[in-house]
Amino acid sequence: TNINAHLNYLFFHVLLEELLATGFDEESCMSRYHQSSLRKPSPYKPSTNLVSKLRSYEMLHKRCGPGTKAYERATKQLGKNNVINSSGDDCQYVVWAPMFGLGNRILSMVSVFTYALMTDRVMLVDQRNDITDLFCEPFPGTSWLLPSDFPLTNQIDSFNRTHSHCYGTMLKNHAVNSTTRPSYLYIDIFHDSRDHDKRFFCEENQAFIKNVPWLVVKSNLYYAPSLWLIPSFQTKLMKLFPERDTVFHHLSHYLLHPTNEVWGMVTRSYNAYLSRADEVLGLQIRVFSTPSGYFQHVMDQILSCTQREKLLPELASNGSQQVMNITKTPKLKAVLVTSLHPEYSDELKNMFMERPSSTGEIVEVYQPSGERVQQTDKKVHDQKALAEIYLLSLTDKLVTSTRSTFGYVAQGLGGLKPWILYEPRHQKAPDPPCVRAMSMEPCSLKALVSACQAETIKTTPFVKYCEDRITGIKLV
Ligand code: GDP
């Protein structure tokens, strides 16, 4: 088995190298090379079409990225209306701007990148937040960072639904016709997007947008499922992703490489608490109620889910003190808890400390941080959040909280189908407490389905309503 494990490791390493770009300095971004030694080999292999698409994307980005003549030409067009697409080799761009928490940001970024691959646009990221403290450069020999002297930088924050360049608003005001060709559009993709904004996902609207050199996108959703519901996109996506539910898994592995600072946090926790365990259970506890905090009914729900699904052993019944078998090493189960609140893991830890488990397994509970409140854009807070998402993705089995994008990213990275804790209602633990996910893909919390997609969704069996949220859709 040792040889097998070694071969598996090598095989996976080679695969990952196929997916990933080469030509980086190893020391500057350890996670790019080191991750495969902490992860079990992924059973999901990127298609050769995906690998070659990524290689050609890298070439496009190099040709069009910041500092190139093409980039300079394209930025000169900004602000001009009726830009003329002079030649076929002009570059086009899509700019990602961060919104909401880290999970939301990662989901929208991977969605933007999927869109960039579909439309041969170059993805650039707004770097005014702490993105460079979190992630390494993914594209070789160029940069994904939007230069700070980008002409629209000072306007990005003011882009919203009322902005005159908001595409949905332009449609609403009939400000779009076949003769106008704006140099840029702001695209607004949120859980409460208007019907006009959703027309972004219509074939005929994409035909218009195709001629707009710059798009700036703000979103808090994973909207890849809506991209699959554009017929011409679906044809292309099928070739890249013969396994439909691997979009986020492959693209997040390709794009996201934690910086050395974050990777240090991941590996220190991993080596100290997880590496010796026979099995690691991840438990992501997100409490959305206001006020948030520790609630007995949430604790009850966690115990009821983990015991019912046999993820954690029950406690030995009182009085049946087990005779300790000192000659045999008991099985060690590590439980990695992530939460803003430290009380849930404290309670679990005490439970398994005070009484033996009915199976004789040793249960060791560990929570890396308990920040109490969300503090997005504070460097170390965000770095800890990212480290914890990665740690969750390294577990063997995972329990997540309903509608949390934090958990979605972890499951997608890890290639895990989690058990999802339902949302508690009326201060009571729901029954059943949790449901097994159909696929590892994140849920697009709101189905952004425009009237133009009503037919496509009927003929697309692999886009389904989410397990825990009927208003959302996901790839399965
Ligand atoms: P969502 O709100 O659950 O969908 O996830 P987001 O990641 O978008 O926003 C929640 C933010 O709260 C995170 O980015 C963190 O800043 C913080 N947070 C929530 N849960 C945790 C946790 O378990 N650990 C840490 N370190 N931070 C958390």
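> What is the right way to look at the environment of Asn260 in this model?
Among the structural elements, Asn260 can be located in helix H14 (residues 260-274). For Asn260, a relative accessible area of 32% corresponds to the partly exposed category. Reaching out from Asn260, the side chain makes a polar contact with the backbone oxygen of Glu27 at a distance of 2.9 Å.

> What am I meant to see in the sheet that holds strand E5 (residues 279-285) here?
In any sheet, the strands associate via hydrogen bonds between backbone groups, in a parallel or an antiparallel arrangement. What the 6 strands build is an open sheet, ordered E7-E6-E5-E8-E9-E10; its pairing is mixed. Each edge of the open sheet is held by one strand with a lone partner, namely strand E7 (362-366) and strand E10 (434-436). Looking at each pair of strands side by side, their axes are set apart by 20° on average, direction ignored. Sheet topology places E5 next to strand E6 (residues 332-339); 7 bridges connect them, and they run parallel. The partner of Leu283 across the bridge, within E6, is Val337. Packed on one face of the sheet, helix H17 (residues 379-393) meets E5, E6 and strand E8 (397-401) and runs near 145° to E6.

> When you look at the state of the cysteines in this model, what are you seeing that I'm missing?
A covalent bond bridging the sulfur atoms of two cysteines is what the word disulfide describes. Tallied over the entire structure, the rule returns 5 disulfides. In this model Cys305 forms its disulfide with Cys434; the gap between the sulfur atoms is 2.1 Å. Negative torsions about the S-S bond denote left-handed disulfides, and the value of about 95° found for Cys305 with Cys434 makes this one right-handed. With a gap of 129 residues between them, Cys305 in helix H15 (residues 296-308) and Cys434 in strand E10 connect regions that are remote in the sequence. Grouping residues by exposure puts Cys305 and Cys434 together as buried. The cystine pairing of the protein, numbering bonded cysteines in sequence order, is 1-4, 2-3, 5-9, 6-7, 8-10. The thiol of Cys166 is not disulfide-bonded; the next cysteine sulfur, from Cys202, is found 15 Å away. Judged by relative accessible area, which is 0%, Cys166 ranks as buried.

Basis of the calculations
Residues numbered from 1 in each chain as written. Predicted model: local features only at pLDDT ≥ 70, side-chain atom pairs only at ≥ 80, totals over all residues. Heavy atoms only, no water. Helix = DSSP H or I, 4+ residues; strand = E, 2+ residues; numbered from the N terminus. Buried < 20%, exposed > 50% of the residue type's maximum accessible area, 1.4 Å probe, protein only. Polar contact = N/O pair within 3.5 Å; in protein donor to acceptor, adjacent residues only side chain to side chain. Pairing = 2+ DSSP bridges. Axes fitted to C-alpha atoms, helices over the stretch in contact; angles between N-to-C directions. Contact = heavy atoms within 4.5 Å. Disulfide = S-S within 2.5 Å.

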